[in-house]
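# Notes for the structure review
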Amino acid sequence: MENKAFDVVALGELLVDFTQNGLSEQGNLLFEANPGGAPANVLAMLRKLGKRCAFVGKVGADSFGDMLARTVEEAGIDTRGLMRDREIPTTLAVVHTFPNGDRDFSFYRKPGADILLRPEELDEELLTGCRIFHFGTLSLTDEPCRAATEKAVKLAKEAGALISFDPNLRLPLWKTEDDAKAAIEWGLARCDVLKIADNELLFMTGESDFDKGAAILRGRFPNIRLFDVTAGADGSYAYYGEERVFVPACKRGGVIETTGAGDTFCASVLNFVLEHGLDSLSWDDLRAMLRFANTAAWFVTTKKGAIRSMPERETVEQLLAEE
């Protein structure tokens, strides 16, 4: 797995998050066009940590697609796997921010370019040439991108890559809750590393107790070697072998909105796996991993958007040293 051209290749949505940014002189809402999309957010943080990354997905042949492609390139992410659609526009999302910094999304995606990635458009060298392949469920909501995702996971796994999965549940994008659950189960059955949010754990197990919920899914999917649960402002959990570690969230204040926090956490975990492997991890290893990931995630919540808000490694380490 070490002799690969890329550390992490991610497939999925690349879109524009329109985030509320004050009022106009006429009292109308103003929105800032922030580049986003969970898989691209993960890669942006990994690039900040010095890892070699490539993105696979599709945007429209429009001004938003141009902006997204330029942003990803500026972040140092390889874009040879980024396709353009000349008929369907780039997917858009409006981010509704609540007073506590949490948010909800409204998607303009019926269809959007991201769901039109076809299996035959995949660059197979990217998929067989990575140490970790990362994906979520937004690329599983519709065809042909679902088939492309399934093919990509198969190719990467057969080539020896570790598989990373983040459900990134967005129920409005699914026809039924059962469809969403089936897609998440498909990902759970194929991943080595899982990052799952508290609401997603509840959705899949009916358990609000994280230990019980994790035990249910770990029992059903023994292939998951590193099982991480994010609990927002409370902190995060790691389950690995017989180890169970909880680390409280970084509470320095200044939270503006939480877009990209989970993706930053996920990237930090993948960076740890790249640097330490998945064998014989200790309680101390897992605690150090979660402390870094929690702190990096907090930093992103103090800024709008995600891709352009990721911290440098030195910034996170300095924050940790100050604790």
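Structure shown above.
Strand order in this open sheet of nine strands is E5-E4-E1-E8-E9-E10-E11-E12-E13, and the pairing throughout is mixed. Two strands bound the open sheet, and with one partner strand each, they are strand E5 (78–85) and strand E13 (243–248). Recorded for the sheet is a direction-independent mean angle of 15° between the axes of neighbouring strands. Looking at chain direction, strand E1 (residues 6–11) and strand E8 (residues 130–136) are connected through four bridges and run parallel. Among the inter-strand pairings, Phe-6 is bridged to a residue of E8, identified as Cys-130. Packed onto the sheet, helix H6 (residues 198–205) meets strand E9 (162–166), strand E10 (193–197) and strand E11 (226–230) and runs at close to 95° relative to E10. Sheet strands in contact with helix H7 (residues 210–220) are E10, E11, strand E12 (235–240) and E13, and its direction is about 35° off that of E12.

Turning our attention to the pattern of salt bridges. Opposite charge on two side chains permits them to pair, given that their charged atoms come into close proximity. Going through the model one piece at a time under the given rule, you end up with 22 salt bridges. As a salt-bridge pair, Arg-118 and Glu-120 come within 2.9 Å of each other at their nearest N and O atoms. Between Asp-211 and Arg-244 there is a salt bridge; the shortest N-O distance is 3.1 Å. Of the two residues, Asp-211 sits in helix H7 while Arg-244 sits in strand E13, which places them 33 residues apart along the sequence. For Asp-211, a relative accessible area of 33% translates into the label partly exposed. The structure contains a network of salt bridges with shared partners spanning Lys-58, Asp-85, Arg-118, Glu-120 and Glu-121.

With that settled, consider the packing of H6 against H7. Across the interface, H6 lies against H7 with an axial gap of 10 Å and an inter-helix angle of 60°. The angle between H6 and H7 places the two elements in the oblique class. Here H6 and H7 pass one another in a crossing that is left-handed. Between H6 and H7, the residues in contact are Asp-198, Leu-201, Met-204 and Thr-205 and Phe-210, Gly-213, Ala-214, Ile-216 and Leu-217, respectively. Considered class by class, the residues forming the contact of H6 with H7 number six nonpolar, two polar and one charged.

A few words on unusual backbone geometry. The omega torsion across Lys-110 and Pro-111 is -5°, close enough to zero to call that bond cis. Among the secondary structure elements, Pro-111 is positioned in the loop between strand E7 (103–108) and helix H3 (124–128). Here the phi dihedral of Asn-168 falls at roughly 45°; this positive angle occurs in a residue that is not glycine. Its place among the elements puts Asn-168 in the loop between E9 and helix H5 (177–188). Located in the positive-phi region is Ser-280, a residue other than glycine, with phi close to 55°. Here Ser-280 falls in the exposed class, since its relative accessible area comes to 70%.

Right, let's talk about helix H4 (residues 145–158) for a bit. For an α-helix, 3.6 residues make a turn, and residues three or four places apart therefore share a direction. Relative to the 20 Å expected for 14 residues at 1.5 Å per residue, H4 spans 20 Å between its end C-alpha atoms, a close match to the ideal helical length. Residues of H4 that are buried: Cys-145, Ala-148, Thr-149, Ala-152, Val-153, Leu-155 and Ala-156. The buried residues of H4 all sit within an arc of 170° when viewed along its axis, so they share a single face. In H4, the exposed positions that point more than 90 degrees away from the buried face belong to Lys-154 and Glu-158. Contacts from the buried residues of H4 go to E1, H3, E8, E9 and H5. Looking one or two residues past H4, Gly-160 carries a phi angle of roughly 95°, positive in sign.

Cut-offs and rules
- Residues numbered from 1 in each chain as written.
- Predicted model: local features only at pLDDT ≥ 70, side-chain atom pairs only at ≥ 80, totals over all residues.
- Heavy atoms only, no water.
- Pairing = 2+ DSSP bridges.
- Helix = DSSP H or I, 4+ residues; strand = E, 2+ residues; numbered from the N terminus.
- Axes fitted to C-alpha atoms, helices over the stretch in contact; angles between N-to-C directions.
- Contact = heavy atoms within 4.5 Å.
- Salt bridge = Lys/Arg side-chain N within 4 Å of Asp/Glu carboxyl O.
- Buried < 20%, exposed > 50% of the residue type's maximum accessible area, 1.4 Å probe, protein only.
- Parallel < 35°, antiparallel > 145°, perpendicular 65-115°, else oblique.
- Left-handed = near helix turned anticlockwise from the far one by under 90°.
- Nonpolar A, V, L, I, M, F, W, Y, C, P; charged D, E, K, R; others polar.
- Expected span 1.5 Å × (residues − 1).
- Arc of directions from axis to C-beta.

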